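Okay, here's what each chain looks like letter by letter:
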Amino acid sequence: MILVVDNSKDLSTAQMTPKLIDYLVATSCVPIVVASTPSQVRSCLSSYKLTGAILSGGPLLLTERTRVEQYSQNIMTLLHMERHRCPILGICFGMQVMAASYGGRVSGMRSKIHGKEWVLRTGESLLLGPDRVFEVIASHQDRVVDVPIGFKVTSRYRSTHDSVQSMEDPVNLRFGLQFHPEGNRKGHEII
């Protein structure tokens, strides 16, 4: 079973997380469970034998002052997956939380990125496939500047090369995507 930690605040008005859930339900041979609050996540972690987890994107910003509860469901999931040696994928905000939790650095951007962007694969990757340059859907205002120890940068924006678009720690089964793979066909291959 795969746990999807919903960071969208309100799944009924979110744009990308419902697409992710719909795609997983339609194509996955593994059941999924979605949790949106710390108590739901805690219940899922104790009730199900999870084989993986996805920390979704959402409108929260690590660079703004927010309550711990808004991050705790992600931290609980990271710790559980690590303890049980299960793979975890962080998307957008989920990647930022992952990076910050393991000692990386996240910073704010002058303006929000929203829409189609071109990404350049910068090295070997288990997730990204053979294409060196590919189009993605992005929507974020924070960015990972430095990846944690053990992670390698696997892609950056093609135009600026300044922000990490994907990071991987395959030894510990941790993967992060700043862009939204649920937004296009290439992303579906990644998922």
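In this text, all values refer to a predicted model and were calculated from it rather than measured experimentally.

1. Points about the side chain of S56
At step 1: Relative to the helices and strands, S56 resides in the loop between β3 (52-55) and α3 (69-83).
At step 2: Not counting residues up to four positions away in its chain, the partners in contact with S56 are V5, D6, N7, S8, T17, I91, F93 and G94.

2. Here's the deal with the confidence of the model for the protein chain
At step 1: A residue-level look at the protein chain finds 84% of positions with pLDDT of 70 or above and a mean pLDDT of 83.
At step 2: Of all helices and strands in the protein chain, the one with the weakest mean pLDDT is helix α5 (residues 185-190) (73), whereas strand β9 (residues 174-177) scores best (95).

3. Examining the layout of surface pockets
At step 1: The space that makes up the second largest pocket amounts to roughly 270 Å³.
At step 2: Along its surface, the second largest pocket is lined by 15 residues, and I2, A53, I54, L89 and I191 are the ones closest to its centre.

4. A look at the environment of V97
At step 1: Mapped onto the fold, V97 is located in helix α4 (residues 93-101).
At step 2: Its relative accessible area of 3% is what places V97 among the buried residues.
At step 3: Taking the C-alpha atoms as reference points, V97 and V144, 47 residues apart in sequence, are found 9.5 Å from one another.

5. So, unusual backbone geometry
At step 1: In the Ramachandran plot, R85 falls in the positive-phi region, its phi being about 55° despite a non-glycine side chain.
At step 2: Mapped onto the elements, R85 comes out in the loop between α3 and β4 (88-91).

6. Some points on helix α2 (residues 38-47)
At step 1: All of the buried residues in α2 are P38, V41, C44 and L45. For α2, the buried positions fall inside an angular range of 125° around the axis, keeping them on one side. α2 presents S46 and S47 as exposed residues on the side facing more than 90 degrees away from its buried surface.

7. Description of the nonpolar core
At step 1: The biggest cluster of nonpolar side chains holds 25 residues, and the ones touching the most others in it are L3, M81, I88 and M167.
At step 2: Of all elements in the fold, only β1 (2-5), β2 (32-35), α2, β3, α3, α4 and β8 (164-169) reach the threshold of two or more residues within this core.
At step 3: Looking at this core element by element, the count peaks at 5 residues for α4.
At step 4: Each residue touching L3, except ones within four places of it in the same chain, is listed here: V33, A35, V41, C44, L45, L50, G52, A53, I54 and T77.

8. A word on the pairing of β2
In summary, the side chains of a regular strand alternate between the two faces of the sheet.
At step 1: Alternating residues of β2 divide into V33 and A35, all buried, and I32 and V34, none buried.
At step 2: When β1 meets β2, the two strands line up parallel, connected through 4 bridges. Counted as the bridge partner of I2 is I32 from β2.

9. Re the pattern of salt bridges
At step 1: Per the stated rule, a full pass over the model turns up 3 salt bridges.
At step 2: The salt bridge involving R174 is made with E82; its shortest N-O contact spans 3.4 Å. Of this pair, R174 sits in strand β9 while E82 sits in helix α3, and the two are 92 residues apart along the sequence.
At step 3: Overall, the relative accessible area of 9% leaves R174 in the buried class.
At step 4: Of the residues examined, E82 reaches a relative accessible area of 43% and is grouped as partly exposed.
At step 5: R105 is the salt-bridge partner of D146, the closest N and O atoms lying 3.0 Å from each other. You can see D146 sitting in strand β6 (residues 133-146) and its partner R105 sitting in strand β5 (residues 105-121), a full 41 residues away along the chain.
At step 6: Of the residues examined, D146 reaches a relative accessible area of 37% and is grouped as partly exposed.

About the cut-offs
Residues numbered from 1 in each chain as written. Predicted model: local features only at pLDDT ≥ 70, side-chain atom pairs only at ≥ 80, totals over all residues. Heavy atoms only, no water. Helix = DSSP H or I, 4+ residues; strand = E, 2+ residues; numbered from the N terminus. Contact = heavy atoms within 4.5 Å. pLDDT = per-residue confidence, 0-100. 1 Å grid on protein atoms, 1.4 Å probe; cavity = no way out; pocket = protein on both sides within 12 Å on 5 of 7 lines; lining within 4 Å. Points joined across faces, edges and corners; volume = space filled by probe spheres on them. Buried < 20%, exposed > 50% of the residue type's maximum accessible area, 1.4 Å probe, protein only. Arc of directions from axis to C-beta. Core = buried A, V, L, I, M, F, W, Y, C linked by side-chain atoms within 4.5 Å. Pairing = 2+ DSSP bridges. Salt bridge = Lys/Arg side-chain N within 4 Å of Asp/Glu carboxyl O.

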